[in-house]
Amino acid sequence: MLELLPLLLFLAVCLFLLAGYPVALTLSGVSLLAAGLGGAAGVFDEAFLGLIPNRIYGVFVNQNLYAVPLFVFMGTMLEKSRIAEELLQNMESAFAGLPGGLGISVILVGMLLAASTGIVGATVVTMGILSLPSMLKAGYRPSLASGTICATGTLGQIIPPSICLILLGEVIGNAYQQAQLNAGAFAPDFVSIGDLFAGAVAPGLLLVLAYAVYLVIVARLDPQSAPPLKREGREVALGRLLGGLLPPVSLMIAVLGSILFGLATPTEAAGVGAAGAALLALGRGKLNLEVLRGVSLETVRITSMVYLILVGATIFSSVFRGFGGEQLIESLFAGLPGGAFSATLIVMLVIFLLGFILDFIEITFLVVPMVGPALLGMGVDPVWLGVMICVNLQTSFLTPPFGFSLFYLRSVAPESLPTGAIYRGAIPFVLMQLAVLLLLALAPGLATALPDWLRQ
């Protein structure tokens, strides 16, 4: 019974979260309470409590995590300065005459917005407010319109540079080092956030392509579901499109390219992105004190949430190890028939189900440190594992009836749009994401080829 205490701790945390208690306070409060009770009963190694202050200090001085507020600032600036809205309007006009053109423009702009923020809720709400009325007015089938927006919003999980990839890259990197140290390698290899960015490029673009092809097929087979708009003013729109599209796209390419090719660290590139977004807004006359205040407050709010959860997760991780959780997970995985395949499959299923009740930040900091060292110690590739987790979470957030993306869209959709239509519209995109997940499982090179090539 004593060896199951780490799992009971994890279960207790999940129950408190389901009861509605704040994530960060639940992680730290339940863990410290369990440590106190365990110490009094003589079943907890209190030396692990002494490690917590140093680990928390390490979180706050970790320069990789400084990229979080900078990327959040960049994405929020593009959103609140209405650059994203202007880009969407121009692209809608440019694709007006194509079957499914409006939906394709939503996917492309959503991809750029997702890449700049990485926050699913922010992207879905923004695209829901900007695009859903236009799609419904144009005659798009309500389920197709809502499914397109929900799926596009989840691209923030996998399109780099995203907050999810930054946080997961940090956690996966630490777990990979821990796995090597456990195996006796005292000069461990490193997995960087840039490696995870590179690994996510091909799967992310594959999803964008799949979404666009699906819309074209639907528009061809059933033109009434995705009718083309009028071509009026298309030439003018294309001219405006170049001016509206090139600056933000160039900014994204500069930020991501500098990371992938080793020209800058994620934090340095994020600083360039934040400054570039502000200059872009200033150059278009869209930056004022009100916008700057809104962007700054949103950046502080999201960053504070991330760091507070990270502190709570650090406490939980230390207590979990103090109860022998790491050894328990390793023994459980080692006893599974099928080895690493069975262990990875179970972890993916658990993460998928937890995605219905927890956000990606909680899952990244709560689950991955528990299972990561054991999986990586069994020979699982760290970049492939990180990309699989991202696509898995993306699918979970889109799956009816509990997907977060669906709830976010419901909060801004008109009452005339039935909830059932939102659910039905999401199903084809869920199937596409499951297909990509299966493809990644069968062909890991989709995630590992580009990082391996860039290391050469």
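Undergrad: Describe the overall build of the chain, listing the residues and the values that go with them.
TA: Helix and strand content of the chain: 21 helices and 0 strands. The C-alpha atoms of the chain give a radius of gyration of 22 Å, which matches the 23 Å a tight globule of 456 residues would have. By principal-axis analysis of the C-alpha atoms, the chain measures approximately 75 × 45 × 40 Å. Buried positions account for 55% of the 456 residues belonging to the chain. If you take every contact in the chain between residues at least 6 apart in sequence, the share linking residues at least 24 apart comes to 81%. Here the chain has roughly 18800 Å² of accessible surface; of this, 69% comes from carbon and sulfur atoms.

Undergrad: Summarise the pattern of salt bridges; cite the residues concerned and give the values.
TA: According to the stated counting rule, one finds 2 salt bridges in the structure shown. Residue R301 pairs with E298 through a salt bridge whose shortest N-O separation is 2.8 Å. In this pair, R301 and E298 are both assigned in helix 13 (residues 289-322), 3 residues apart and thus about one turn of the helix distant. Taking relative accessible area as the criterion, E298 reaches 23% and is therefore assigned partly exposed.

Undergrad: An account of the nonpolar core is needed here, citing residue identities and associated values.
TA: Counting residues in each nonpolar core, the largest one holds 150 residues, and the members touching the most others are L9, F71, I158, L167, F316 and L385. The element best represented in this core is helix 13, accounting for 13 residues.

Undergrad: Talk me through the side chain of S146; I want residue IDs and the actual numbers.
TA: Topologically, S146 is positioned in helix 8 (residues 142-154). Under the relative-accessibility criterion, S146 is labelled buried at 0%. Among residues more than four places away in sequence, those in contact with S146 are L132, L409, L417, A421 and I422.

Undergrad: Can you break down the environment of G379 residue by residue, with the values?
TA: Note that G379 resides in the loop between helix 17 (368-377) and helix 18 (382-396). The exposure class assigned to G379 is exposed, which follows from its relative accessible area of 63%.

Undergrad: Could you give an account of the packing of aromatic side chains, naming the residues involved and the relevant values?
TA: Here the structure, examined in full by the defined rule, presents 9 aromatic pairs. With a centroid separation of 5.6 Å and an interplanar angle of 55°, the aromatic rings of F16 and Y21 are classed as tilted. Judged by centre distance (5.5 Å) and plane angle (20°), the rings of F60 and Y307 are stacked. Placement of F60 in helix 3 (residues 52-60) and of Y307 in helix 13 is noted, with a sequence separation of 247 residues between them. With relative accessibility at 12%, the residue Y307 sits in the buried group. Three or more aromatic residues joined by ring pairs form one cluster here, namely Y211, Y214 and F429.

Undergrad: Just give me the short version of the confidence of the model for the chain, but keep the residues and values in it.
TA: Residue-level pLDDT values for the chain average 84, and 93% of them are 70 or greater. In the model of the chain, helix 11 (residues 234-260) stands out as the element of lowest mean pLDDT, 72, in contrast to helix 20 (residues 419-442), which has the highest, 93.

Undergrad: Give me the lowdown on helix 20, citing residues and values where you can.
TA: With 24 residues, helix 20 should reach 34 Å at 1.5 Å per residue; the first-to-last C-alpha distance of 35 Å fits that figure. At I427, helix 20 shows its strongest bend, of approximately 30°, with the proline P428 following within four residues. Listed in full, the buried residues belonging to helix 20 are A421, I422, G425, A426, F429, V430, M432, Q433, V436, L437 and L440. Taken together, the buried residues of helix 20 touch helix 8, helix 10 (193-221), helix 18, helix 19 (404-412) and helix 21 (445-455).

What counts, and where the lines are drawn
Residues numbered from 1 in each chain as written. Predicted model: local features only at pLDDT ≥ 70, side-chain atom pairs only at ≥ 80, totals over all residues. Heavy atoms only, no water. Helix = DSSP H or I, 4+ residues; strand = E, 2+ residues; numbered from the N terminus. Rg over C-alpha atoms; globule rule 2.2 N^0.38 Å. Buried < 20%, exposed > 50% of the residue type's maximum accessible area, 1.4 Å probe, protein only. Contact = heavy atoms within 4.5 Å. Areas by Shrake-Rupley, 256 points an atom, 1.4 Å probe, with all protein chains shown as cover. Salt bridge = Lys/Arg side-chain N within 4 Å of Asp/Glu carboxyl O. Core = buried A, V, L, I, M, F, W, Y, C linked by side-chain atoms within 4.5 Å. Phe/Tyr/Trp six-rings, centres within 6.5 Å; stacked < 30°, edge-to-face > 60°. pLDDT = per-residue confidence, 0-100. Expected span 1.5 Å × (residues − 1). Bend = angle between axes of the 7 residues up to and from the residue.

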